[in-house]
Amino acid sequence: MDGTVGAVSRNGVYSFTKPNRESITLLAGLGVEGDVHAGETVKHRSRMRKDPARPNLRQVHLMHEELFDEVRAAGFEVAAGQLGENVTTRGIDLLGLPTGTRLRLGEDAVVEVTGLRNPCAQIDGFQKGLLKQVVERGADGSVRFKAGIMGVVAAGGVVRPGDPITVELPDGPHRPLHIV
């Protein structure tokens with residue numbers, strides 16, 4: 001179930017999209033160097049308003065490139081970084097990973113998966129109707145969020161497009177991902 005890095009993105013200011021870069025540097029316990037969401041405590045504005053002292057479980061946002069193919073089939077054009085992710089992946093079922101999975105990115109970096117990204121109304125601001133494509137409702141009323149996963153940096157390092165991603169599942173019973 002290993003994959004590759006399709007693109008890397010970061011933005012030093014609050015903005016919905018993040019420009020693609022030749023590389024990003026992950027800093028242990030902080031996130032993406034130079035990214036507005038890096039830090040030990042929450043940096044997402046909505047979470048800062050609630051409790052700015054909470055630990056930042058959303059240091060790195062990862063999104064599967066396969067989602068872009070899925071939304072393209074529904075008439076939407078989305079490219080890497082446009083939905084605010086830091087790392088765009090290929091070949092990994094990110095949404096199926098359990099909490100605590102470690103993703104080795106390139107030679108040194110390790111991201112520990114903390115949970116799901118909760119897609120917000122800004123997605124419809126980017127492209128009207130896109131939010132419905134990344135939030136799926138089952139026949140039983142259950143909701144499946146498809147806008148990527150979040151993680152914290154366990155080990156720092158430089159990450160570039162084309163780098164391999166190795167998936168290391170946690171021991172014990174696996175806990176499904178929930179919104180963080």
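Residues numbered from 1 in each chain as written. Predicted model: local features only at pLDDT ≥ 70, side-chain atom pairs only at ≥ 80, totals over all residues. Heavy atoms only, no water.

Undergrad: Residue-level account of the overall build of the chain, with values.
TA: A tally of helices and strands in the chain yields 4 helices and 13 strands. Taken against the 2.2 N^0.38 rule, which gives 16 Å for 180 residues, the C-alpha radius of gyration of the chain at 15 Å falls within 12% of a compact globule. Relative to its full complement of 180 residues, the chain shows a buried share of 45%. Accessible surface, the chain: about 8800 Å² in total, of which carbon and sulfur atoms supply 50%. Positive and negative side-chain charges in the chain, numbering 22 and 22 respectively, have mean positions lying 9 Å apart. (Helix = DSSP H or I, 4+ residues; strand = E, 2+ residues; numbered from the N terminus. Rg over C-alpha atoms; globule rule 2.2 N^0.38 Å. Buried < 20%, exposed > 50% of the residue type's maximum accessible area, 1.4 Å probe, protein only. Areas by Shrake-Rupley, 256 points an atom, 1.4 Å probe, with all protein chains shown as cover. Lys, Arg positive; Asp, Glu negative; His and termini not counted. Charge placed at Lys NZ, Arg CZ, Asp CG, Glu CD.)

Undergrad: So what's going on with the nonpolar core? Residues and values would help.
TA: The nonpolar side chains of a soluble globular protein tend to be buried with one another. Leu26, Leu103 and Ile149 are the most contacted members of the largest nonpolar core, which has 24 residues in total. Contributing elements (two or more residues each) for this core: strand 1 (3-9), strand 3 (24-27), strand 5 (60-64), strand 7 (102-105), strand 8 (109-116), strand 11 (149-155) and strand 13 (164-168). Element by element, the count of residues in this core is highest for strand 8, at 4 residues. Apart from residues no more than four positions distant in its own chain, Leu103 is found in contact with Leu62, Leu94, Leu97, Ala109, Val110, Val111, Val113, Ile149, Ile165, Thr166 and Val167. Membership of the second largest hydrophobic core comes to 14 residues, among which are Ala7, Ala80, Leu83 and Ile123. (Core = buried A, V, L, I, M, F, W, Y, C linked by side-chain atoms within 4.5 Å. Contact = heavy atoms within 4.5 Å.)

Undergrad: Outline the environment of Thr89, supporting the account with residue identities and numerical values.
TA: Mapped onto the elements, Thr89 comes out in strand 6 (residues 87-90). For Thr89, a relative accessible area of 1% puts it in the buried group. Residues Thr89 and Ala73, 16 residues apart in the sequence, show an inter-C-alpha distance of 19 Å. Discounting chain neighbours no more than four positions away, the residues touching Thr89 are Thr4, Gly6, Leu62, Met63, His64, Glu65, Glu66, Leu94 and Ile165.

Undergrad: Please set out the pattern of salt bridges residue by residue, giving values where relevant.
TA: Applying the stated criterion across every chain, the model contains 9 salt bridges. Here Arg72 makes a salt bridge to Glu77, at a shortest N to O gap of 3.4 Å. When the shortest N-O distance is used, the salt bridge between Arg144 and Glu136 registers 3.8 Å. Taking relative accessible area as the criterion, Arg144 reaches 40% and is therefore assigned partly exposed. Given a relative accessible area of 36%, Glu136 falls into the partly exposed group. When salt bridges that share partners are traced, they join Glu70, Glu136, Arg144 and Lys146 into one network. (Salt bridge = Lys/Arg side-chain N within 4 Å of Asp/Glu carboxyl O.)

Undergrad: How would you explain the sheet that holds strand 4 (residues 31-32) if you had to name every residue and give the values?
TA: What the 3 strands build is an open sheet, ordered 4-3-12; its pairing is antiparallel. Pairing within the sheet leaves two strands with one partner each, and these edge strands are strand 4 and strand 12 (157-159). (Pairing = 2+ DSSP bridges.)

Undergrad: Can you tell me about the environment of Lys132, naming the residues and giving the values?
TA: On the secondary structure map, Lys132 appears in helix 4 (residues 131-134). Look at Lys132 and you get exposed, because its relative accessible area is 70%. For the pair Lys132 and Phe145, spaced 13 residues apart in sequence, the C-alpha to C-alpha distance is 9.9 Å.

Undergrad: With reference to specific residues and values, describe the pairing of strand 8.
TA: With 7 of its 8 residues buried, strand 8 lies for the most part within the structure. In this structure, the hairpin formed by strand 7 and strand 8 is closed by a connection of 3 residues, where Gly106 is found at a positive phi of approximately 70°.

Undergrad: Requested: an account of the pairing of strand 1, with residues and values cited.
TA: Most of strand 1 is tucked away, with 6 of its 7 residues classed as buried. The sheet contact formed by strand 1 and strand 13 spans 2 bridges and is antiparallel. Residue pairing for strand 13: Gly3 is matched across the bridge by Ile165. Pairing between strand 1 and strand 6: 4 bridges, direction antiparallel. Paired with Ala7 across the two strands is Thr88, which belongs to strand 6. Note: strand 1 against strand 2 (residues 20-21), 2 bridges, orientation antiparallel. Paired with Ser9 across the two strands is Asn20, which belongs to strand 2.

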